[in-house]
Protein chains: 2
Amino acid sequence: MPETKIPYKIYLNENELPKQWYNLRADMKNKPAPLLNPGTGEPMKPEELEAVFCSELVKQELDNTTPYIDIPDEIYNFYKMYRPSPLVRAYFLEKKLGTPAKIYYKFEGNNTSGSHKLNSAIAQAYYAKKQGLKGVTTETGAGQWGTALSMACSFFDLDCKVFMVKVSYEQKPFRREVMRTYGASVTPSPSTETEVGKKILAAHPGTTGSLGCAISEAVEVAVKSEGYRYVLGSVLNQVLLHQSVIGLETKTALDKYGIKPDIIIGCAGGGSNLGGLIAPFMGEKLRGEADYRIIAVEPASCPSLTRGVYAYDFCDTGMVCPLAKMYTLGSDFIPSANHAGGLRYHGMSSILSQLYDDKLMEATSVKQTDVFEAAELFARVEGILPAPESSHAIRVAIDEALKCKETGEEKTIVFGLTGTGYFDMVAYEKFHDGQMSDYIPTDDELAAYRAKLPKIG
Amino acid sequence: MPETKIPYKIYLNENELPKQWYNLRADMKNKPAPLLNPGTGEPMKPEELEAVFCSELVKQELDNTTPYIDIPDEIYNFYKMYRPSPLVRAYFLEKKLGTPAKIYYKFEGNNTSGSHKLNSAIAQAYYAKKQGLKGVTTETGAGQWGTALSMACSFFDLDCKVFMVKVSYEQKPFRREVMRTYGASVTPSPSTETEVGKKILAAHPGTTGSLGCAISEAVEVAVKSEGYRYVLGSVLNQVLLHQSVIGLETKTALDKYGIKPDIIIGCAGGGSNLGGLIAPFMGEKLRGEADYRIIAVEPASCPSLTRGVYAYDFCDTGMVCPLAKMYTLGSDFIPSANHAGGLRYHGMSSILSQLYDDKLMEATSVKQTDVFEAAELFARVEGILPAPESSHAIRVAIDEALKCKETGEEKTIVFGLTGTGYFDMVAYEKFHDGQMSDYIPTDDELAAYRAKLPKIG
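The structure displayed is predicted, hence computed values, not measured ones.

Undergrad: Describe the domain arrangement of chain A, with residues and values.
TA: All names here are of chain A. Segmenting chain A into domains produces domain 1 (9-17 + 84-114 + 243-450) and domain 2 (20-69 + 117-237). Between the C-alpha centres of domain 1 and domain 2 the distance comes to 22 Å. The partner domain 2 presents 44 residues to the 43 residues of domain 1 that form the contact. Area buried by domain 1 at its contact with domain 2 is led by S113, I351 and F423, which between them contribute 18% of it. There are 2 salt bridges connecting domain 1 and domain 2. Where K172 meets D424, a salt bridge forms, and the shortest distance between an N and an O atom there is 2.7 Å. Counting residues per element, the ones that place at least two in the side of domain 1 that touches domain 2 are α11 (237-256), α12 (272-286), β12 (309-314), β13 (323-328) and α14 (350-357). A per-class count over the side of domain 1 that touches domain 2 returns 22 nonpolar, 14 polar and 7 charged.

Written out as structure tokens, the structure reads:
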């Protein structure tokens, strides 16, 4: 091992945990486009949003100007249970690759939800409790968000109703059981508990569900139940706000050792992890204080940034949510059944979409067998079995490090390791057994979905 | 939350990681009894042990006098990947219980093996590699040890053959898949790959296996294969030596904040975690420098300390291993099929057995539904879903804290949280569904097993 003063893991002290979230929108010249009412095509008014979302979260959703927002004590104390999370120097990975690059990863998987999702779940549960609500509803796909929300709701003694994409519900009984341990009720989606679920089941009997469909069900239940609101684990501005703790801690840790990254890499599905990780760095970039290459990595089988269009679209299949302007593949898009790597959402956070459109960040897509190859290599040398989602970022970090090996450049690469893959062993098994394909949607397929985009905005 | 200077998590700096293991035996007046050759009844000679174990590990196994043994650089660097592990102040648990007690836990679950087992796995793999071996064999029950060893072997590029108790192999496909990710081969035990496996299958067709049986198979393969040795994750002196890093870090962290524990609690199956956690504290006790209450917690369904006898016994079902003097239930003992909480081994580490016999520590047993009740409470307030094994210690820590609530005493309680329960959700499911019983062996049953103990020593 190289002798160096930089430890394997940089753990901040508890008092270095950020006391405020950073609201990147305050520094954006081109603000993310507002949510629109699908009926009128007009920007959603706060009171309209408050029928679905908690009031304080609506404020945060619409606040494009306040750069820093205090983290309430109750949330801060909860954060202390599992944060600050470590920034790890990947010495063993560097050695294995034989690269002169210096690789760091911010590891968010050391908590029972297994991912960064808890950062926003606890915030959303707190504001729901503060508003005097009885409970919240949500959807979950792979299950990280549902697990995180059930933990958060249990902590604040809130009821938690989770609609879980049916295929995941059946294939991931352990995730379901973790949610039950935290007292959440978990319903496979589509279900007969909602009008939209019944409609989808009638139109597509035997469907194994999708995120867009589960969102519609969760929203319907929230709107129809006294004392409930809907919460969402990604895509929204408020979520990226909460997730800025990831980037703020990362920056504090790097600054402490005088490290300046050249490249920052994150996986991107709805954008919660990437948006959080890059927030303070993108802020510097927007203010002209520093420059970084920022790379969003998405699955080749669900390529919203790299092959989607920047347009207003529905956030859900049932079209009950407001319209959002984002890079999208169309709200009907569902990745190939063989896709095992998460990041399945058809659209991308409005904030990230705008930044990408403004060419402030790059995007690339990777094939899933390449992702799992990187995952297995990483697991073996760094000792952490990564989530398939996170492994998209690992893949590109390795590729960039290998480019450095060719050129001899000693670039500093930072990537987000959003979580662990302990509940994704079925996907690993497919990979080991050679049963994983790399299906990529054709241009014609994508065009067909695109043709169905709403004509608004 | 109380205002205090003690953080939620005490993370030592990397340079505070112990550079030496502590060999508790050096401070024991009554040394643990030697391993005996089952044929001759004489103490095993080093050369006899070296047919089964790595040479350097045999030295460590037999060394009753050297108090500190250097941790080789290669192991030390690996430790840095996931150590020092946090010592956590359980503020939220204290609040929930309303106790004046101060509760701390040393959390060993933040690594992909999910438990403390990695501390010894990496050491054993290192010495095997150093000896120029091709590979190692072992057994695993619940799977933590097998996972840890597969990670360690992958790191040093050693072949790893794991015999996994058949019932676990079938019920825990994810554990198996993690081992495969690290390149290990996993065979359900009993198997037809060994003579002892064939014999057991012939005598008990349809058996779902046991740890004792898997040990016999692993030892047979090690002895018969050129360039292989057998390694074990618990019970042995060498394992407790390696696990002393847990206790050493705990003591350093406590000393840093001037905290002196009153009670130290650990779960005990074979004794690896408890032996490691208590090592430096027991050392002080043995040297008369300090006093602590030390409590071993075992399942009521597998009560080797509380209801076993202190005698020489076989370590395995096939009787191919040396005899060890230990608190034992008899090498044929297998806990009730309903037992879901790990800690299934019929005997206890010779070191801990001697200390217990010398009344230097206490032991207690707990029923499994009480254990899972504690586990769920802990998961909800402390945010970590614990392993069933660790939850035995949680149960008793809670009970001791509740006693403090009655008496008003502000005792300081430290317990070992050995791991996470992410691969144990089937057991949690049983608990949630009310399908968990508390079967406890009768005195007659235990007497029948005891009658079969060898008449040696």
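That was the structure; now back to the text.
Undergrad: Explain the packing of helix α15 (residues 368-382) of chain A against helix α17 (residues 425-432) of chain A to me, using residue names and the numbers behind them.
TA: Helices that pack against each other are described as a pair by the angle of their axes relative to one another and the distance between those axes. Residues and elements named next belong to chain A. It is at 11 Å that the axes of α15 and α17 come closest, and there the two elements cross at 105 degrees. In this view, α15 runs roughly perpendicular relative to α17, as classed from their interaxial angle. Only A427, Y428, F431 and H432 of α17 make contact with α15, whose side of the interface consists of T369, F372, E373, A375 and E376. Split by residue class, the contact of α15 with α17 holds 5 nonpolar, 2 polar and 2 charged.

Undergrad: Describe the relation of the copies chain B and chain A, and please don't skip the residues or the numbers.
TA: Under the fitted operation, chain B is carried onto chain A by 0.0 Å of movement along the axis and a turn of 180 degrees, and the coordinates agree to an RMSD of 0.0 Å. The relationship between the two copies is best expressed as a two-fold rotation axis. No C-alpha of chain B approaches the rotation axis more nearly than that of N110(B), which lies at 3.1 Å. In this assembly the copies share their binding face: 100% of the residues contributing to the interface of chain B also contribute to that of chain A.

Undergrad: Would you mind going over the sheet that holds strand β4 (residues 87-89) of chain B in detail, with residue names and values included?
TA: Hydrogen bonds between backbone atoms are what pair the strands of a sheet, whose relative direction is either parallel or antiparallel. All names here are of chain B. In spatial order, the strands read β1-β4-β5-β15-β10-β11-β14; together these 7 strands make up an open sheet with mixed pairing. Each edge of the open sheet is held by one strand with a lone partner, namely β1 (9-10) and β14 (362-366). Bridging between strand β11 (residues 293-299) and β14 involves 5 bridges; their strand directions are parallel. Paired with P299 across the two strands is V366, which belongs to β14.

Undergrad: Give a detailed account of the packing of aromatic side chains, specifying residues and quantitative values.
TA: Per the counting criterion, the structure on display carries 45 aromatic pairs over all chains. With centroids separated by 6.2 Å and ring planes inclined at 80 degrees, the aromatic side chains of Y79(A) and Y82(A) adopt a geometry described as edge-to-face. Within this pair, Y79(A) and its partner Y82(A) are both found in helix α3 (residues 73-82), separated by 3 residues, close to a single helical turn. In terms of burial, Y79(A) and Y82(A) fall into one category: buried. Through a chain of ring-to-ring contacts, three or more aromatic side chains come together here, namely Y8(A), Y91(A), F92(A), F78(B), Y79(B), Y82(B), Y126(B), Y127(B), F155(B) and F156(B). Positioned above the aromatic ring of Y310(A) is the side chain of K325(A), whose terminal nitrogen or guanidinium carbon lies 4.5 Å from the ring centre.

Undergrad: Could you give an account of the pattern of salt bridges, with specific residues and numbers?
TA: All names here are of chain A. Per the stated rule, a full pass over the model turns up 58 salt bridges over all chains. Of the charged contacts, one joins R83 and E108 as a salt bridge, the two residues approaching to 2.7 Å between their closest N and O atoms. Within this pair, whereas R83 is found in the loop between α3 and β4 (87-89), its partner E108 is found in the loop between β5 (102-107) and α5 (118-130), the two being separated by 25 residues in sequence. Exposure class is identical for R83 and E108. Each is buried. Each of R83, K106, E108 and E249 takes part in salt bridges that share partners, so that together they form one network.

Undergrad: An account of the pairing of strand β10 (residues 263-267) of chain A is needed here, citing residue identities and associated values.
TA: Residue and element names in this part refer to chain A. With 5 of 5 residues buried, β10 lies mostly within the body of the structure. Relative to strand β11 (residues 293-299), β10 runs parallel, the two sharing 5 bridges. Looking at β11, one finds that I263 is bridged to R293. Bridge count for β10 against strand β15 (residues 412-417) is 3 bridges, and the pairing is parallel. Bridge pairing in β15 links I265 to F415.

Undergrad: So, the side chain of T99(A): which residues are in play, and what are the values?
TA: All names here are of chain A. Relative to the assigned elements, T99 resides in the loop between α4 (91-97) and β5. Overall, the relative accessible area of 10% leaves T99 in the buried class. At a separation of 2.9 Å, a polar atom in the side chain of T99 contacts the main-chain amide nitrogen of A101. Discounting residues that sit within four places of it in the chain, T99 has contacts with E94, A401, C404 and K405.

Undergrad: Residues and numbers for the nonpolar core, please.
TA: One finds M361(A) and M361(B) to be the most contacted residues of the largest nonpolar core, which totals 247 residues. When neighbours within four sequence positions are excluded, M361(B) is seen to be in contact with L274(B), I278(B), M282(B), I294(B), A296(B), L305(B), L352(B), L355(B) and Y356(B).

Undergrad: Any chance you could break down the packing of helix α9 (residues 195-203) of chain A against helix α10 (residues 211-224) of chain A for me, citing the residues and the numbers?
TA: Residues and elements named next belong to chain A. With their axes 8 Å apart at the nearest point, α9 and α10 run at an angle of 150 degrees to one another. Taken together, α9 and α10 sit at an angle that is classed as roughly antiparallel. Of the residues in α10, those in contact with E195, V196, G197 and I200 of α9 are C213, S216, E217, E220 and K224. Per-class residue counts for the contact of α9 with α10 are 3 nonpolar, 2 polar and 4 charged.

Analysis parameters
- Residues numbered from 1 in each chain as written.
- Chains lettered and ligands numbered in written order.
- Predicted model: local features only at pLDDT ≥ 70, side-chain atom pairs only at ≥ 80, totals over all residues.
- Heavy atoms only, no water.
- Domains from an automatic or database assignment.
- Contact = heavy atoms within 4.5 Å.
- Buried area = accessible area lost by both parts, 1.4 Å probe.
- Salt bridge = Lys/Arg side-chain N within 4 Å of Asp/Glu carboxyl O.
- Helix = DSSP H or I, 4+ residues; strand = E, 2+ residues; numbered from the N terminus.
- Nonpolar A, V, L, I, M, F, W, Y, C, P; charged D, E, K, R; others polar.
- Axes fitted to C-alpha atoms, helices over the stretch in contact; angles between N-to-C directions.
- Parallel < 35°, antiparallel > 145°, perpendicular 65-115°, else oblique.
- Least-squares fit on C-alpha atoms with pLDDT ≥ 70 in both.
- Pairing = 2+ DSSP bridges.
- Phe/Tyr/Trp six-rings, centres within 6.5 Å; stacked < 30°, edge-to-face > 60°.
- Buried < 20%, exposed > 50% of the residue type's maximum accessible area, 1.4 Å probe, protein only.
- Lys NZ or Arg CZ within 6 Å of the ring centre and 35° of its normal.
- Polar contact = N/O pair within 3.5 Å; in protein donor to acceptor, adjacent residues only side chain to side chain.
- Core = buried A, V, L, I, M, F, W, Y, C linked by side-chain atoms within 4.5 Å.

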